[in-house]
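A closer look at the structure
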Amino acid sequence: SVAYNHNGMMRMYETQSGNDNIPGANAAPAAGRGGAAGGGGGGGRGAGAGRGGAAAGEGRAGGEAGRAGAAGAGAGGEGAAANAGRGGAPQGRGGAPQGRGGAPGLIPSPGGGRGGAIPTGRGGNQPREWYRGIPVPPGMPANFTRRNNTNYMQTAVLSALQLTSMFPNLVLENFYTKTRNSIESGKNEAPYGFVIPMQRDMTKAAELVNVLRAQGIEVGEATGEIKAGDATFPAGSYVIKRDQPYGRLAKNLLERQAFPDPALTTYDDSGWTMGYAFNVDVKEIADPSILKASTTPVTKAVVKGKITGSGTAGLAVAHLGSNNMIAFRYTLRAMPMKVAEKSFKVGDVDFPAGSFIITAPADLAAARAAVDQFGLTAAALSTIPTVATHDGDVPRVAIYSQWTGTQELGWYRFTFDKFGIPFQLIYKERVAQGDLKKDFDVILMAYQNINRQSVLANPSATPQPYLKSDKYKFLGMYGETTDMSGGFGQKGVDAFEAFLDAGGTLIAAHNAIRFPIDFGWAHTVDMDQMQGVTAQRPLVSATITKTDHPVFYGYAGTTVPIKYTGGPAIRVGMSDQGNILGKYAGGEALSGLLIGGDNLTDRPFAVDIPNAHNGKGRVLLFTNNPIYRWQNHGEFNMIFNSIINWNDQGAK
């Protein structure tokens, strides 16, 4: 009955992946659960003719005559004949010979019933595996739309709501039971909690906490010093205790993902440990005393800025690794700033390379307000530090997008919006117009499959328009084209060369690095083969080889966790070895599934190519994906720093 109003969707749910081409898969069904053709139709709950059953039973919505129709997914029933039973033969639930479903969905098991049936991927009357899609007849347009896609999701939600409305007490009891079990697990099993201690950049720590809070995980702020085992944590540290309703979720998100069987595979990510992904120090606590630690509940983590000193000559803003540095810069884009190329100290505060220096007569009150807003650390200056600097020019940014394959690139757009980085989204049409440097200083080619072949591809014989119209009123909000097919051609390639010749900076990430490499703008950098590595998007360790380079301003130490998404491998010629900024460390994954990690050792992931074309312009290559699905906040600054320091390479 739950499926009655949503039969088409439920039919899909009833299927399992498998192989269509199994002999006997279309054999006629017998009695038991499943009607004459129904994928999950009722077989019968008593003797005599059922309401829709093919044989004995009182099947509700079973078989072809059931309420759910020929593809019925209705309720099943218990067989009434001798030997009836779950999985029993010949008349039990699921009856022989077809087992559960009694339909083309399964082939018989030796004893009949549910136990040994082999799924074929079919459900109901489907003559194919559900995930293959319906072939489009010759000459007909493919018109599966976003509305169809949304209807699938809507149907699932409606079905879940309907189920809940039918069995509210059961749903509530199950939720209570899971909550109780989670609390008891946190009381009796290590780890008993996690602590995010006070650290030099608390803005990423606060963002991590807010991601936890968005999922209902309880977080507290330590009211005083906490001792747990051999460790001591200061007041203000964030504490996540495991004896809470979502304690198991907290454990799942914060612990290291370990795979005991290297033969296992996953659909997507295998490592997502949030401490590594955010480059935030998170401690796992095996001492149950953490459950008694005094804390105040955190509704939303907010970090206020801190300003020391009373000088009036200027303001120094420390780059301690906060992603908010770029938000600060663009908020005050009209205010001149210098970027320190070496570290310096003001009072007791250390200012690493990459810190901003603002001097009077700038609006220091506005700068102070922005420091507080973005949770940064600053010092009011009595004298201006004598340290090498360069101008913190604010660039005009474009993000280049192809008309297809925009999912990964969309996360860059989302992230730029969240941090207040203004940008213009451009497509092949704008590139082909040329004169790119007139409007942009930096062009970002985020993760997308773009190379010589794709940009020089001819348009298809039939145009593929993407235009706003009376029928499609919401297209064209970010761009329109009369034809999505084809690339920007040689005109576009020439436009990029002219952009570099005029001093522009091209930033390319992941598969997009093939574009500048294919056209020779990466000098001796070339594509290479990655062999012997099987990785299900784990978190791995990388080494920063040029710690004073602007790309790594704000990073502490020489190692950084990186989300390895299987990006392209590159090799770098001798003349460009000095332009390598970072390499993979290799070895075991920090978190997740990685086989052959030693083959990653010393593979470059970040390269800065100055004088990229005719001695002008700059190309920055990242084989990793520094902005990945709002997960790897610890890598965001690789892109952000590249933008802030778009025309400077730092200390010589």
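Structural data are supplied above this passage.
As the structure is a prediction and not an experimental result, all values here were calculated from the model.

About the cut-offs
- Residues numbered from 1 in each chain as written.
- Predicted model: local features only at pLDDT ≥ 70, side-chain atom pairs only at ≥ 80, totals over all residues.
- Heavy atoms only, no water.
- Pairing = 2+ DSSP bridges.
- Helix = DSSP H or I, 4+ residues; strand = E, 2+ residues; numbered from the N terminus.
- Axes fitted to C-alpha atoms, helices over the stretch in contact; angles between N-to-C directions.
- Core = buried A, V, L, I, M, F, W, Y, C linked by side-chain atoms within 4.5 Å.
- Buried < 20%, exposed > 50% of the residue type's maximum accessible area, 1.4 Å probe, protein only.
- Contact = heavy atoms within 4.5 Å.
- Phe/Tyr/Trp six-rings, centres within 6.5 Å; stacked < 30°, edge-to-face > 60°.
- Lys NZ or Arg CZ within 6 Å of the ring centre and 35° of its normal.
- Arc of directions from axis to C-beta.
- Polar contact = N/O pair within 3.5 Å; in protein donor to acceptor, adjacent residues only side chain to side chain.
- Salt bridge = Lys/Arg side-chain N within 4 Å of Asp/Glu carboxyl O.

Let us look at the sheet that holds strand 11 (residues 314-317). Each strand in a sheet pairs with another by means of backbone hydrogen bonds, the pair being arranged parallel or else antiparallel. Sheet architecture is open: six strands sit in the order 10-16-11-15-12-17, paired in mixed fashion. Whereas interior strands pair on both sides, the edge strands pair on one side only; in this sheet they are strand 10 (306-308) and strand 17 (389-391). If you compare each strand with its neighbour and ignore which way they point, the axes differ by 25° on average. Across three bridges, the pairing between strand 12 (residues 338-340) and strand 17 is antiparallel. Counterpart to Ala-340 in the pairing with strand 17 is Thr-389.

Our next topic: the nonpolar core. As a rule of thumb, nonpolar side chains are buried together in soluble globular proteins. Counting 65 residues, the largest nonpolar core has Val-317, Phe-328, Phe-416, Phe-622, Met-638 and Ile-639 as the members making the most contacts within it. In terms of residue count, helix 14 (residues 633-644) provides more of this core than any other element does, six residues in total. What Phe-416 contacts, discounting residues up to four positions off in sequence, is Val-397, Ile-399, Ile-421, Phe-423, Leu-444, Ile-627, Ile-639, Phe-640 and Ile-643.

Attention now moves to the packing of aromatic side chains. Taken as a whole, this structure holds 25 aromatic pairs when the rule is applied. Look at Trp-403 and Tyr-466: their rings are 5.5 Å apart centre to centre, the planes differ by 45°, and that puts the pair in the tilted class. Here the residue Trp-403 occupies a position in the loop between strand 18 (397-400) and helix 9 (407-418), and Tyr-466 occupies one in the loop between helix 11 (452-455) and helix 12 (489-501), the gap between them amounting to 63 residues. We classify Trp-403 as buried; its relative accessible area is 13%. On the basis of relative accessible area, Tyr-466 is assigned to the partly exposed category, the value being 21%. An aromatic cluster is built from Trp-411, Phe-414, Phe-416, Phe-419, Phe-423, Trp-630, Phe-636 and Phe-640, whose rings are joined through pairwise contacts. Its end group placed over the ring of Tyr-478, Arg-413 keeps NZ or CZ at 4.6 Å from the ring centre.

So, on to helix 8 (residues 364-373). Taken as a whole, helix 8 has its buried residues at Leu-364, Ala-367, Ala-370 and Val-371. Buried residues of helix 8, seen end-on, are gathered within an arc of 115° and therefore sit on one face of the element. The exposed set on the far side of helix 8, more than 90 degrees from its buried face, consists of Ala-365 and Gln-373. Packing partners of the buried residues in helix 8 comprise strand 10, strand 11, helix 7 (324-331), strand 15 (356-359) and strand 16 (377-381). Positive phi shows up at Gly-375, right after helix 8, with a value of about 70°.

Along the chain, Asn-625 turns up in the loop between strand 30 (616-622) and helix 14. Asn-625 sits in the buried class, given a relative accessible area of 0%. There is a polar contact of 2.6 Å between the side chain of Asn-625 and the side chain of Tyr-412. Residues contacting Asn-625, with those up to four places away along its chain left out, are Glu-408, Tyr-412, Tyr-447, His-510, Thr-565, Asn-632 and Glu-635.

Below, the discussion takes up helix 5 (residues 247-254). Every buried residue of helix 5 is accounted for by Gly-247, Ala-250, Leu-253 and Leu-254. Mapping the buried residues of helix 5 onto a view down its axis gives an arc of 125°, with all of them on the same face. Those residues of helix 5 hidden inside the fold are in contact with helix 3 (168-188), strand 3 (193-196), helix 4 (203-214), strand 7 (238-241) and helix 6 (274-278).

Next up on the list: the pattern of salt bridges. Under the criterion given, the structure shown has 19 salt bridges. With a shortest N-O distance of 2.9 Å, Lys-204 and Asp-201 are connected by a salt bridge. For the pair shown, Lys-204 and Asp-201 are each scored as buried. With a closest N to O distance of 3.5 Å, Asp-281 and Lys-283 form a salt bridge. Look at Lys-283 and you get partly exposed, because its relative accessible area is 36%. Among the charged side chains, a network of salt bridges with common partners joins Asp-268, Asp-269, Glu-408, Arg-537, Lys-563 and Arg-629.

Below, the discussion takes up the environment of Thr-505. Counting through the fold element by element, Thr-505 comes out in strand 21 (residues 505-509). Residue Thr-505 is classed as buried on the basis of its relative accessible area, which comes to 1%. With 65 residues separating them in the primary sequence, Thr-505 and Phe-440 have C-alpha atoms 9.1 Å apart. Ignoring anything within four residues of it in the chain, the contact list for Thr-505 reads Asp-441, Val-442, Ile-443, Phe-499, Arg-618, Leu-620 and Trp-646. Within polar-contact distance, the side chain of Thr-505 engages the backbone oxygen of Trp-646 at 2.8 Å.

Further remarks concern the pairing of strand 21. The element strand 21 is largely enclosed, with a buried count of five among its five residues. Across four bridges, strand 20 (residues 442-445) lies against strand 21 in parallel orientation. Counted as the bridge partner of Leu-444 is Ile-507 from strand 21. Across five bridges, strand 21 lies against strand 30 in parallel orientation. Of the residues in strand 30, the one forming a bridge with Leu-506 is Val-619.

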